[in-house]
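Examining the three-dimensional arrangement
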Amino acid sequence: MNDRRPSRKPSPEVNLNLNVRGISASSTVALNERCNAMLDAGKDVYKLGLGQSPFPVVEPVVEALRRNAGEKDYLPVKGLRALRDSVAGFHQRSDGIECSGDDVLIGPGSKELMFLLQLVYYGDLVIPTPAWVSYAPQAKIIGRQVRLLPTDPANEWRLTPEGLARLCEEDPGRPRLVVINYPSNPTGATYRLEELRRLARVASEHRVLLLSDEIYGELHHKGQHVSIARFYPEGTIISSGLSKWCGAGGWRLGTFLFPPTMHWLLDAMAAAASETYTSTAAPIQHAAVTAFNGGPEIDEYLQLSRRVLGALGRWTHRRFEAVGITCAKPSGAFYLFPDFAAHAEQLAARGIQTSPELVEALLEDTGVAILPGCDFGRAPQELTARLAYVDFDGAAALEAAAQIPKDAPIDEAFLRKLCTRVTMAIDRICDWVAPDSA
Ligand SMILES: Cc1ncc(COP(=O)(O)O)c(C=O)c1O
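Right, let's walk through the structure included here. Quick caveat, the model's predicted, so the values are computed rather than measured.

Criteria and cut-off values
- Residues numbered from 1 in each chain as written.
- Predicted model: local features only at pLDDT ≥ 70, side-chain atom pairs only at ≥ 80, totals over all residues.
- Heavy atoms only, no water.
- Disulfide = S-S within 2.5 Å.
- Core = buried A, V, L, I, M, F, W, Y, C linked by side-chain atoms within 4.5 Å.
- Buried < 20%, exposed > 50% of the residue type's maximum accessible area, 1.4 Å probe, protein only.
- Helix = DSSP H or I, 4+ residues; strand = E, 2+ residues; numbered from the N terminus.
- Contact = heavy atoms within 4.5 Å.
- Near = heavy atom within 4 Å.
- Polar contact = N/O pair within 3.5 Å; in protein donor to acceptor, adjacent residues only side chain to side chain.
- Areas by Shrake-Rupley, 256 points an atom, 1.4 Å probe, with all protein chains shown as cover.
- Nonpolar A, V, L, I, M, F, W, Y, C, P; charged D, E, K, R; others polar.
- Salt bridge = Lys/Arg side-chain N within 4 Å of Asp/Glu carboxyl O.

**Considering the state of the cysteines**
According to the stated counting rule, one finds zero disulfides in the structure shown. Left without a disulfide partner, cysteine 374 is nearest to the cysteine sulfur of cysteine 35, which lies 16 Å away.

Structure representation (structure tokens):
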């Protein structure tokens with residue numbers, strides 16, 4: 001006879017930590033896997049979902065990795081001494097900040113360092129939205145309170161000093177870790193000097209810990225990135241790494257620069273690191289010294305990267321504005337955060353009322369993959385999305401851009417020839433949303 005009594009053996013899922021239950025793989029990674037499956041099935045897909053640099057790793061850094069492939073020893077948990085010094089030199093040159101290698105912590109990606117920071121620092125995580133996808137899930141996994149601070153599209157989605165002050169005045173003295181990220185993923189916007197000064201003043205008055213995620217700093221399209229640490233040096237940690245400006249996301253190397261008065265935090269993170277990943281891959285750290293030391297070849301690579309990205313971002317922005325898709329003017333990185341609100345009525349007539357429905361229909365109808373605004377902390381009813389304009393051959397684009405005189409603009413013909421898949425994808429989005437404009 002069949003025994004139908006329920007088994008006494010608990011399902012293994014019951015043992016999942018409550019903070020992790022219901023969390024799935026990061027949406028950017030999930031979308032990338034879905035696109036790859038569609039490509040394998042022979043579909044034409046335009047991958048504007050994953051925020052990965054289109055450019056190859058700059059040659060002297062690749063050469064340094066070749067030279068150091070034999071490095072096999074575990075390195076110090078805080079990072080290779082020469083690399084910590086070289087990262088400090090990079091911040092002195094780029095950001096004008098007085099610092100030394102003692103203030104630097106190296107990790108296997110800045111994402112991991114952010115996780116460790118949240119683990120060892122007790123405080124609410126304050127995130128202006130729209131924001132990069134991973135800050136809030138990290139806080140949830142660790143069990144920290146998250147305060148989302150919605151920003152205004154009219155202000156190009158930037159956190160205002162007034163908004164930050166209002167939040168801090170709600171419960172003065174409460175420990176808070178405030179994240180700002182610029183040039184921004186997902187909007188491509190950045191802060192003006194005066195805004196940084198005023199935000200820094202509020203942060204300092206309320207003694208909040210500021211995590212300034214400046215991983216796209218070197219990809220400011222005009223090379224004019226300014227760190228907020230200049231105005232709040234005693235309370236700002238600058239997060240950076242190789243992933244974006246050096247095109248080396250898969251190498252997994254991130255950096256944190258701490259104020260000298262916050263070595264207690266650096267030490268606590270290093271203690272947690274020593275019990276988890278031990279140290280960052282040795283050949284990568286040795287090669288990264290070359291990257292952070294900089295030099296003429298790296299400067300040239302950065303200037304060309306900025307010119308291509310700036311031209312493509314501005315062109316896309318103009319195309320969108322022409323068909324009533326609004327978005328902030330891009331100043332850096334390789335993202336735009338278009339808002340389809342002006343088309344809400346005709347989209348609703350097609351059964352599209354939320355950002356997940358919007359991106360799903362777009363992918364099905366046109367093959368263009370972008371991410372819904374709700375993945376970046378916005379309400380699902382808001383018809384926003386994040387687009388990464390990176391689906392092109394970055395090596396070919398850099399080579400061609402090097403042939404154009406420095407003071408001549410990169411024009412539409414260049415973009416259509418060398419960033420073809422992005423321009424085609426943008427045409428498809430515009431035709432899809434406003435067929436009469438074609
Ligand atoms: C805003 C932002 N911060 C941090 C990261 C993580 O970078 P890393 O590769 O250093 O972990 C990313 C990666 O996409 C990002 O977009």
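**Here we look at the nonpolar core**
Judged by nonpolar contacts, the single largest core of 86 residues is most densely connected at Leu242 and Trp245. The element that contributes the greatest number of residues to this core is helix α10 (residues 296-322), accounting for 10 residues. Excluding its chain neighbours within four sequence positions, the residues that come into contact with tryptophan 245 are Phe90, Ile215, Glu218, Leu219, Ser240, Ala291, Phe292, Ile298, Tyr301 and Leu302. Core analysis: the next-biggest nonpolar cluster, separate from the first, contains 39 residues, Cys35, Tyr121, Leu209 and Met262 among them.

**Quick notes on the site of the ligand**
Taken together, 14 residues surround the ligand, and among them Asn185, Asp213, Tyr216, Ser243 and Arg252 come closest. Contacts to the ligand include tyrosine 216, whose side-chain N or O atom sits 2.7 Å from an oxygen atom. Between lysine 244 and the ligand, the recorded distance is 2.8 Å, taken from a side-chain N or O atom to an oxygen atom. Burial of the ligand by the surrounding chains reaches 92%, relative to a free accessible area of 390 Å². The element that contributes the greatest number of residues to the shell around the ligand is helix α4 (residues 110-120), accounting for three residues. In terms of residue class, the shell around the ligand is made up of five nonpolar, five polar and four charged.

**Things to note about the pattern of salt bridges**
For the structure on display, the rule yields 24 salt bridges. Between aspartate 73 and lysine 72 there is a salt bridge whose closest N-O contact spans 2.9 Å. Measuring nitrogen to oxygen at the nearest pair gives 3.3 Å for the salt bridge that ties aspartate 391 to arginine 421. Taken together, the residues aspartate 391 in the loop between β12 (385-388) and α13 (394-401) and arginine 421 in helix α15 (residues 420-433) connect sequence positions 30 residues apart. Accessibility expressed as a relative area gives 16% for aspartate 391, which makes it buried. Residues participating in the shared-partner salt-bridge network are Glu156, Arg158, Arg192 and Glu195.

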